[in-house]
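Topology and contacts: notes
Each chain is listed here by its residues.
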Amino acid sequence: MQAEHSSPGRDEPPSGHPQQQLKKFQTAGRGFWHDVAAADWNDWRWQLKHRITTVEQLQKFLPTLTPEESAGAQLANTKLALGITPYFFNLINPADENCPIRRQVVPRLEETHTASWEMSDPCGEDEHSPVPGLVHRYPDRVLFLVTDRCASYCRYCTRSRLVSNASGYDFHPEFDKQIAYIAAHPEIRDVLLSGGDPLLLSDEKLENLLSRLRAIPHVEFLRIGTRIPIFLPQRITSELCAMLKQFHPLFISVHTNHPRELTTEVRDALGRLADAGIPLGNQSVLLKHVNDDADVMKALMQKLLMCRVKPYYLYQCDLIAGSAHLRASVAKGLEIMEKLRGHTTGYAVPTYVIDAPGGGGKVPINPEYVLCRNAGRVLIRNFEGKVFEYPENADGKPCGQPPVKLAASQLV
Ligand code: SF4
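Residues numbered from 1 in each chain as written. Predicted model: local features only at pLDDT ≥ 70, side-chain atom pairs only at ≥ 80, totals over all residues.

1. What about the domain arrangement of the protein?
- The domain architecture assigned to the protein consists of domain 1 (1-367) and domain 2 (370-410).
- The C-alpha-based centres of domain 1 and domain 2 are spaced at 41 Å. (Domains from an automatic or database assignment.)

Here you go:
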């Protein structure tokens with residue numbers, strides 16, 4: 001395997017330290033597909049055509065498949081299809097039942113257990129859908145669902161009710177109606193293309209769609225939410241980048257959960273998008289035994305910056321039916337945020353949010369840094385736990401007293 005090392009700074013852990021290991025860029029390699037011609041392996045359509053989609057294929061390529069995984073894979077096609085690109089499959093460590101890559105894409109029997117508080121549409125998208133495939137939940141922006149297909153399927157997908165059509169949602173977006181709604185609503189200045197994965201559309205179809213949206217005078221800003229650069233970096237061709245470049249301002253949000261997903265192939269694909277002038281952000285989902293660990297999360301965030309991607313959101317896992325085995329607690333999320341803020345570059349710190357169950361939208365949650373506000377002062381603590389006073393009157397006006405640093409014993 002090809003490997004590259006980042007240069008450790010003075011405060012970085014020594015190379016060989018687990019965190020430095022996580023931050024190494026490595027190729028996914030060829031694995032079982034070592035004899036496939038390079039031209040095929042690097043062809044995104046070949047990767048899609050050769051996805052692992054059946055329990056038999058999974059048993060063949062992953063001999064350590066557990067009974068829970070085998071049962072989950074057999075039932076997957078009634079809930080959320082099984083689909084893993086050969087490229088992404090190579091990131092799975094077959095010797096590790098709890099491999100963080102494996103947990104994200106290999107179905108498990110636990111997906112069939114639904115708690116009473118879990119939902120099929122936890123973000124209430126269908127209730128905010130004025131026309132099929134369009135979600136208008138926030139005042140000035142819409143979510144435009146383009147397709148129900150993805151390159152690989154994430155077992156915690158919040159949109160699993162429609163994605164892959166395994167549960168018979170029968171999603172058929174009508175672009176004409178979606179575009180007509182946007183054109184008729186001048187308050188919509190921001191359109192987020194998502195799905196399913198918009199980058200599965202051909203260059204021609206995507207260009208046509210983006211052109212039609214760009215032609216609407218009040219649409220200021222376009223976004224694409226995609227996991228393709230992570231599941232299928234071969235799709236990020238120079239032709240695709242040249243086409244996307246025509247539609248600035250166009251932002252792309254990728255979705256990465258573990259530093260091992262950031263391979264040399266992914267770094268190069270993200271670099272091509274960045275070179276096309278596309279600002280890149282990342283959304284992660286907090287997942288049990290995947291990234292519910294401060295060192296893993298910090299390595300992921302720092303590695304994203306090395307790929308020219310700004311960590312944007314860290315999501316508390318939605319209450320999607322059958323996801324309890326993957327859901328980490330809010331307490332764990334807050335603990336991780338506490339260990340990021342101040343301890344690493346501010347750019348590496350995402351906003352931790354809960355998408356309020358039932359359609360309340362994203363609510364940012366943070367460790368508490370304001371200890372109290374009372375007459376004449378706001379008491380705050382920093383990342384080291386040191387307490388400071390910011391002088392301010394109850395009406396928000398400065399009180400004229402200089403700020404002081406307090407010992408913990410002086411707190412009242
Ligand atoms: S890529 Fe996104 S839409 Fe597709 S399965 Fe994963 S989370 Fe769901």
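Structure shown, so let's carry the discussion forward.
2. Here's the deal with the site of the ligand
- Taken together, Cys150, Tyr153, Cys154, Cys157, Arg159, Val163, Gly195, Gly196, Asp197, Arg227 and His255 make up the full set of residues near the ligand.
- In terms of residue class, the shell around the ligand is built from five nonpolar, three polar and three charged. (Near = placed C-beta within 6 Å. Nonpolar A, V, L, I, M, F, W, Y, C, P; charged D, E, K, R; others polar.)

3. A closer look at the pairing of strand β9 (residues 310-316)
- Examined bridge by bridge, strand β8 (residues 280-286) and β9 share six bridges and lie parallel to one another. Within β9, the position partnered with Ser284 by the bridge is Leu314.
- The handedness of the β8 to β9 crossover, carried by helix α13 (residues 294-306), is right-handed.
- With three bridges joining them, β9 and strand β10 (residues 351-356) adopt parallel strand pairing. Looking across to β10, one finds that Leu314 is bridged to Tyr352.
- Between β9 and its parallel partner β10, the chain crosses via helix α14 (residues 330-340), and the hand of that crossover is right-handed. (Pairing = 2+ DSSP bridges. Helix = DSSP H or I, 4+ residues; strand = E, 2+ residues; numbered from the N terminus. Right-handed = clockwise from strand over helix to strand, strands pointing away.)

4. Digging into unusual backbone geometry
- Between Gly195 and the following residue, Gly196, the backbone shows a cis peptide bond with an omega angle of 15°.
- Summarising the element assignment, Gly196 is placed in the loop between β5 (190-194) and α9 (203-214).
- A positive phi is found at Asp170, a non-glycine position, where the angle reads about 60°.
- Structurally, the position occupied by Asp170 is in the loop between β4 (141-145) and α8 (175-183).
- Overall, the presence of 8 C-beta atoms within 10 Å leaves Asp170 in the exposed class.
- Although it is not a glycine, Arg308 sits at a positive phi angle of roughly 70°.
- Within the element layout of this structure, Arg308 appears in the loop between α13 and β9. (Buried ≥ 20, exposed ≤ 12 C-beta atoms within 10 Å, placed from the backbone.)

5. Overview of the pairing of strand β11 (residues 361-364)
- With four bridges connecting them, β10 and β11 associate as antiparallel partners. Following the sheet pairing, Asp355 is matched in β11 by Lys362.
- In this antiparallel pair of consecutive strands, β10 and β11, the connection spans four residues, and Gly358 shows a positive phi of 95°.

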